[in-house]
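Report on the structure
As a plain string of letters, each chain reads:
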Amino acid sequence: MTKLVSGFSKLSKTEKIDWLVSTYLNGNETAKETILTYWNSNEKLQNLHDDFIENTISNFYLPLGVAPNFNINGAIYTIPMVIEESSVVAAASKAAKFWGERGGFKTEVLSTEKIGQVHFTYAGNSEELQSFFYQIKPQILQDAQAITKNMEKRGGGILDVVLVDKTKHLKDYYQLHATFETLDAMGANFINSCLEQFATTLKREAQKLKTPIHVVMSILSNYVPNCLVKASVSCKVEELADKGIHPEEFAEKFIQAVNIAKTEPYRAVTHNKGIMNGIDAVVLATGNDFRAIEAGVHAYASRTGRYSSLTDAKVENGIFTFWIELPLALGTVGGLTKLHPLVKLALDILGNPTAKELMQVVAVAGLAQNFGALRSLVTTGIQEGHMKMHLMNILNQFEATVEEKNIIVEKFKTETVTHSGVVKALEELRA
Ligand SMILES: CC(C)(COP(=O)([O-])OP(=O)([O-])OC[C@H]1O[C@@H](n2cnc3c(N)ncnc32)[C@H](O)[C@@H]1OP(=O)([O-])[O-])[C@@H](O)C(=O)NCCC(=O)NCCSC(=O)C[C@@](C)(O)CC(=O)[O-]
Ligand SMILES: NC(=O)C1=CN([C@@H]2O[C@H](COP(=O)(O)OP(=O)(O)OC[C@H]3O[C@@H](n4cnc5c(N)ncnc54)[C@H](O)[C@@H]3O)[C@@H](O)[C@H]2O)C=CC1
């Protein structure tokens, strides 16, 4: 068994790689070469990327693609997407084109409130704590002024701080539950700084109480059900007609597919995974925190107590409408947004949106993705389009030459792509 290593973080990058290769990779020189192959030849850029995280040994590439033709509230966007899965960008592009010819996407930001909490315990009288809180609330806000003054100048800051009694759920457990407007910042660091200051004031002032309070932790919440965006598409049912689509039958099956995802959690998780194909890809391309988005979105999908679809669809008076509503705490300043050159490029492609504008673009990407997946699922089935896009991955896996690729791509233009079918075709070609 390998011994625990001490002081690893203090080694140079090359020393870290040498340790890794000798300890876990049997000194394999090819492994070392792979690590070095992905270093950026531009030293300045390499240093920039290395500093994003800790113990960096190389760069991990994901493709950056673009999906054109998104008509959002009348403006035409090309959406940058970072994702490893084939057919996602194609599906988004196809859905954008389809809806671009049918009035485009309509979006609306419903709210932008962020949340943070100071979690603490107090074993004394609850009413005493309430009146103590009302006395010190102005002081709590006053002490945070140094942190909030610039955000206030921009029109944001702390919206409110309330005391919440959670003792019914957990013995002696209370919170300071705070709400924030962080404008174009996702706000994690701003909120956490405010919360830690609230905790400092709370602890200082609580020395006056008969029963002590114990602060457990201060942290923002990634559940932001009041930071909501809605995106929708609609058209007359007959306008749904397209290659392979009978409009009435399509609308009916499509709505049925959404209804199944609304009631059946096993289906809802996959349905929403398809939505997150679009959401995460834009979140990543724009340097946002996809873990925060994922956690918040799935909590929202469970808000009724049962995990459900993020999208909904209906036909009313002959009009088909399909929409999504979801929480998105995004930033277009802060974090990596001004640091990562490709993030900066992605934001430039989007016309340097505000956080509110980015929320709308991201919601549209999720809706488009869901439309593309459902359209395939209720018509051809998902494998036809997905495997068509995945063909190149299979060929690369078997190190097909350019010539072999050309022959096999041509062959599968008229046949459904399956992994075994492609392998067989390659074997026959090589026999
Ligand atoms: C894959 C398509 C688009 C093929 O669809 P198609 O009709 O064969 O495509 P086409 O060759 O006729 O081209 C039509 C348009 O599609 C786009 N398109 C087409 N090919 C490309 C390409 N190579 N590169 C870029 N864009 C492409 C592009 O917009 C193109 O227009 P054009 O550019 O020619 O004017 C279609 O079958 C589709 O939308 N399938 C759905 C795929 C999907 O949802 N993939 C997600 C991964 S599966 C998954 O993870 C989620 C899931 C499905 O489980 C979720 C759920 O269950 O709900
Ligand atoms: N649980 C979580 O989600 C956590 C996330 N994080 C990380 O925190 C980072 C995001 O934190 P932020 O505070 O957003 O970033 P940040 O710390 O880079 O701060 C952004 C700052 O930009 C300034 N600013 C300039 N123009 C602005 C404008 N128009 N609107 C708003 N602010 C403006 C403000 O001072 C703001 O505080 C992400 O990298 C995230 O991964 C950190 C801790 C926990």
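Data block above holds the structure.
The structure contained in this document is the topic of the report that follows. (Residues numbered from 1 in each chain as written. Chains lettered and ligands numbered in written order. Predicted model: local features only at pLDDT ≥ 70, side-chain atom pairs only at ≥ 80, totals over all residues. Heavy atoms only, no water.)

When helices and strands are tallied, the chain shows 15 helices and 10 strands. Within the chain, buried positions represent 44% of all 431 residues. Across the chain, every contact between residues at least 6 apart in sequence was considered, and the portion connecting residues at least 24 apart equals 70%. Summed over all atoms, the accessible surface of the chain reaches about 22700 Å², with 53% contributed by carbon and sulfur. The distance from the centre of the 43 positive side-chain charges to the centre of the 47 negative ones in the chain is 3 Å. (Helix = DSSP H or I, 4+ residues; strand = E, 2+ residues; numbered from the N terminus. Buried < 20%, exposed > 50% of the residue type's maximum accessible area, 1.4 Å probe, protein only. Contact = heavy atoms within 4.5 Å. Areas by Shrake-Rupley, 256 points an atom, 1.4 Å probe, with all protein chains shown as cover. Lys, Arg positive; Asp, Glu negative; His and termini not counted. Charge placed at Lys NZ, Arg CZ, Asp CG, Glu CD.)

This part takes up the packing of aromatic side chains. Throughout the structure, instances matching the rule amount to 19 aromatic pairs. Taking 5.7 Å as the distance between ring centres and 35° as the angle between the ring planes, the aromatic pair formed by F70 and F105 counts as tilted. In this pair, F70 sits in strand 1 (residues 64-72) while F105 sits in the loop between helix 4 (88-100) and strand 3 (106-109), placing the two residues 35 residues apart along the sequence. With respect to burial, F70 and F105 carry one shared label: buried. Centroid distance F322 to F371: 6.2 Å. Interplanar angle 50°. Geometry classified as tilted. Here F371 lies in helix 12 (residues 355-378) and F322 lies in strand 10 (residues 319-327), a separation of 49 residues in the sequence. The pair formed by F322 and F371 is uniform in burial state, with each residue classed as buried. Among the aromatic residues, ring-to-ring pairing joins F98, W99, F250, F254, F320, F322 and F371 into one connected group. Residue placement shows K13 over the ring face of W39; its charged tip is 3.8 Å from the ring centre. (Phe/Tyr/Trp six-rings, centres within 6.5 Å; stacked < 30°, edge-to-face > 60°. Lys NZ or Arg CZ within 6 Å of the ring centre and 35° of its normal.)

The buried fraction of strand 6 (residues 173-181) is high, at eight of nine residues. Sheet topology places strand 4 (residues 114-122) next to strand 6; eight bridges connect them, and they run antiparallel. Each bridged residue has a counterpart across the sheet, and for I115 the counterpart in strand 6 is T179. Looking at chain direction, strand 5 (residues 157-165) and strand 6 are connected through eight bridges and run antiparallel. Its bridge partner being in strand 6, V164 is matched across the sheet by Q175. (Pairing = 2+ DSSP bridges.)

Let us now look at the site of ligand 1. S87, K94, K97, K273 and K388 are the nearest of the 24 residues found near ligand 1. Interatomic distance of 3.0 Å between a side-chain N/O atom of S376 and a nitrogen atom of ligand 1. Protein chains bury 69% of the 1100 Å² of accessible surface belonging to ligand 1 in isolation. For the shell around ligand 1, the secondary-structure elements that each account for two or more residues are helix 4, helix 9 (265-285), helix 12 and helix 13 (382-397). Partitioned by chemical class, the residues of the shell around ligand 1 number seven nonpolar, 10 polar and seven charged. Composition of the shell around ligand 1 by domain shows at least three residues from each of domain 2 (64-110 + 226-380) and domain 4 (385-430). (Near = heavy atom within 4 Å. Polar contact = N/O pair within 3.5 Å; in protein donor to acceptor, adjacent residues only side chain to side chain. Nonpolar A, V, L, I, M, F, W, Y, C, P; charged D, E, K, R; others polar. Domains from an automatic or database assignment.)

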